[in-house]
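Structure at a glance
Here is what each chain is made of, one letter per residue.
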Amino acid sequence: QVQLVESGGGLVQPGGSLRLSCAASGFTFSSYAMSWYRQAPGKERDRVAVIGSTGGSTSYAESVKGRFTISRDNAKNTVYLQMNSLKPEDTGVYYCKAPVGNWGQGTQVTVSS
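Note that the coordinates shown come from a computational prediction; the quantities given were computed from them, not determined experimentally.

We now examine the pairing of strand 3 (residues 18-25). Successive residues of a regular strand alternate their side chains across the two faces of the sheet. Residues Leu 18, Leu 20, Cys 22 and Ala 24 line the buried face of strand 3, whereas the alternating positions Arg 19, Ser 21, Ala 23 and Ser 25 sit on a face that is not buried. Examined bridge by bridge, strand 1 (residues 3-7) and strand 3 share five bridges and lie antiparallel to one another. Bridged to Leu 4 within strand 3 is Ala 24. Where strand 3 and strand 8 (residues 78-83) come together, six bridges link them in antiparallel fashion.

Here it is as structure tokens:
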């Protein structure tokens, strides 16, 4: 069965950086695009970044363009989200998602001074 395990979240000050990881198993990882979503307190879960199956194309939500970078390593079945210049409004639970399988537990990111 599909499993997605997010890690790397934590508490960081505004302007800081974090690198999230998502370890995938239970499907042919290299055949699928992968996405990162986040859910801020009191808001719906929204997609913030997507990467094509080979890593050759990426797309970002307007709110994170220029600050976040999505990447993947198909040999490791892992997708990453590098987050720089973090803002308090980036606070939330971050999830990775394949076109198959369910949501995982996510990883909490808190940006606060």
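Quick look at the sheet that holds strand 8 now. The antiparallel open sheet is built from four strands, whose spatial order is 1-3-8-7. A single partner strand is all that each edge strand has here, and the edge strands are strand 1 and strand 7 (68-73). Ignoring strand direction, the axes of neighbouring strands in this sheet form an average angle of 15 degrees.

Further remarks concern the sheet that holds strand 10 (residues 107-111). Ordered in space as 2-10-9-4-5-6, the six strands form an open sheet in which the pairing is mixed. Across the chains shown, the open sheet's two edge strands, defined by having one partner strand only, are strand 2 (10-12) and strand 6 (58-60). Neighbouring strand axes in the sheet, compared pairwise and without regard to direction, differ in orientation by 25 degrees on average. Examined bridge by bridge, strand 9 (residues 92-97) and strand 10 share three bridges and lie antiparallel to one another. Across the sheet, the residue bridging to Val 93 is Gln 108, located in strand 10.

Conventions and cut-offs
- Residues numbered from 1 in each chain as written.
- Predicted model: local features only at pLDDT ≥ 70, side-chain atom pairs only at ≥ 80, totals over all residues.
- Heavy atoms only, no water.
- Buried < 20%, exposed > 50% of the residue type's maximum accessible area, 1.4 Å probe, protein only.
- Helix = DSSP H or I, 4+ residues; strand = E, 2+ residues; numbered from the N terminus.
- Pairing = 2+ DSSP bridges.
- Axes fitted to C-alpha atoms, helices over the stretch in contact; angles between N-to-C directions.

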